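Architecture at a glance
Next come the chains, spelled out residue by residue.
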Amino acid sequence: MTVDEPLSHTTGGLRLIRRIRFLAALGVAAAVFWFFGPWAAKPIDPSGPITLLMVDQGVVGMAELLGLGVIVSGLAVAISGAGCAERGPLAVAVGLATLGFRGSQMDTLVLYRLTSLRAGQSVTDAFPVWGLIAETWLWLALIAVGFVVGRWVDSWFAQEGAPAAIRNMLKQPTDFRHAIGTIALSSVVAWFVVTYTIGTDRHPLQKGQIYFAIALAFMLGSLVSHWFFQRTSRVWLLISVAIVATTAYVFGAPDATALSAAAKNGSYMMLRPVIRPLPIEYAALGAIGALFEEDAMHILRALFGLPIQDDVETDNA
């Protein structure tokens with residue numbers, strides 16, 4: 001390439017610049033939620049778990065978090081550049097993961113609810129299974145808003161004639177059969193990876209271990225499903241996150257006998273590893289793992305000396 005030739009989007013220097021812009025976008029999202037997330041979530045205990053079950057005005061708090069999500073998703077796509085619409089939901093997921101990192105864990109939530117049961121309440125209310133499931137779906141819906149905002153901001157680049165943004169808008173619609181296969185396979189793989197990496201009942205779990213286990217599980221699930229099925233919209237991968245979290249809360253919930261004993265004795269409640277992640281952690285880290293799949297594939301290709309997808313698309317153009 002001569003000095004007068006323009007840099008292509010596959011040039012190593014320009015690819016490095018795109019990676020720096022990508023990291024900067026995620027850094028902005030993390031900073032916004034780190035400083036303004038607690039103000040929006042308004043937990044009863046500032047050092048307690050980040051969950052809507054610990055918020056006085058959940059509707060107002062969710063609306064404020066939605067506003068933060070719209071801001072960070074739009075900024076992430078604008079910073080990352082053309083063809084990066086999926087950086088929007090990834091930025092929201094990173095922001096929620098940063099917010100969740102400030103709080104404590106599920107065992108703290110269960111202990112608080114066990115010691116604050118009112119007259120007439122059942123001990124099973126200390127671990128509200130369907131409330132936790134609904135909250136997980138709600139966090140995933142908040143992340144999914146990033147897809148809408150990301151596509152909207154990315155359309156600005158398409159109007160300016162950016163090739164990457166134009167290709168992103170002209171993608172073929174997803175085959176429903178491939179979408180169902182992607183959801184099923186990624187859910188199964190993620191479930192087995194989570195149960196293997198998240199630890200055992202006898203060992204306490206650190207928040208970093210929970211974050212690593214969930215993100216790794218859904219990243220591997222997305223990689224495996226992409227191997228067998230054609231690339232689908234990332235929204236379908238968020239459904240696999242919801243399925244795994246729902247399965248964990250339903251089949252891993254403590255029984256009434258154990259909850260009654262803990263409430264009567266005022267003792268620590270031992271929880272199964274798969275239900276120790278909070279809904280915000282399942283949603284945020286699962287979405288990060290699923291949305292980071294393409295970047296992980298690029299890393300694996302570069303590690304083994306294979307052409308990166310951008311190079312393949314350029315050669316076929």
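Details of the structure are given in the entry above.
Residues numbered from 1 in each chain as written. Predicted model: local features only at pLDDT ≥ 70, side-chain atom pairs only at ≥ 80, totals over all residues. Heavy atoms only, no water.

Applying the stated criterion across every chain, the model contains four aromatic pairs. Centre to centre, the rings of Tyr 249 and Tyr 282 are 5.7 Å apart; their planes meet at 85°, and the pair counts as edge-to-face. You can see Tyr 249 sitting in helix α9 (residues 234-252) and its partner Tyr 282 sitting in helix α11 (residues 279-291), a full 33 residues away along the chain. Tyr 282 shares its class with Tyr 249; the two are buried. One aromatic cluster is present, built from ring pairs that chain together Phe 127, Tyr 249 and Tyr 282. Here the basic side chain of Lys 42 rests over the ring of Trp 39, its NZ or CZ set 5.2 Å away from the ring centre. (Phe/Tyr/Trp six-rings, centres within 6.5 Å; stacked < 30°, edge-to-face > 60°. Helix = DSSP H or I, 4+ residues; strand = E, 2+ residues; numbered from the N terminus. Buried < 20%, exposed > 50% of the residue type's maximum accessible area, 1.4 Å probe, protein only. Lys NZ or Arg CZ within 6 Å of the ring centre and 35° of its normal.)

Here we take up the side chain of Ser 222. Locating Ser 222 in the fold gives a position in helix α8 (residues 207-228). Given the relative accessible area of 3%, Ser 222 is considered buried.

A few words now on the packing of α8 against α9. Contact pair α8 / α9: the axes reach a minimum separation of 11 Å and the direction vectors enclose 130°. By the angle between their axes, α8 is oblique relative to α9. The crossing of α8 and α9 is right-handed. For the pair formed by α8 and α9, the contact residues are Phe 218, Ser 222 and Ser 225 on the first element and Leu 237, Ser 240, Val 241 and Val 244 on the second. Class assignment of the residues belonging to the contact of α8 with α9 gives a composition of four nonpolar, three polar and no charged. (Axes fitted to C-alpha atoms, helices over the stretch in contact; angles between N-to-C directions. Parallel < 35°, antiparallel > 145°, perpendicular 65-115°, else oblique. Left-handed = near helix turned anticlockwise from the far one by under 90°. Contact = heavy atoms within 4.5 Å. Nonpolar A, V, L, I, M, F, W, Y, C, P; charged D, E, K, R; others polar.)

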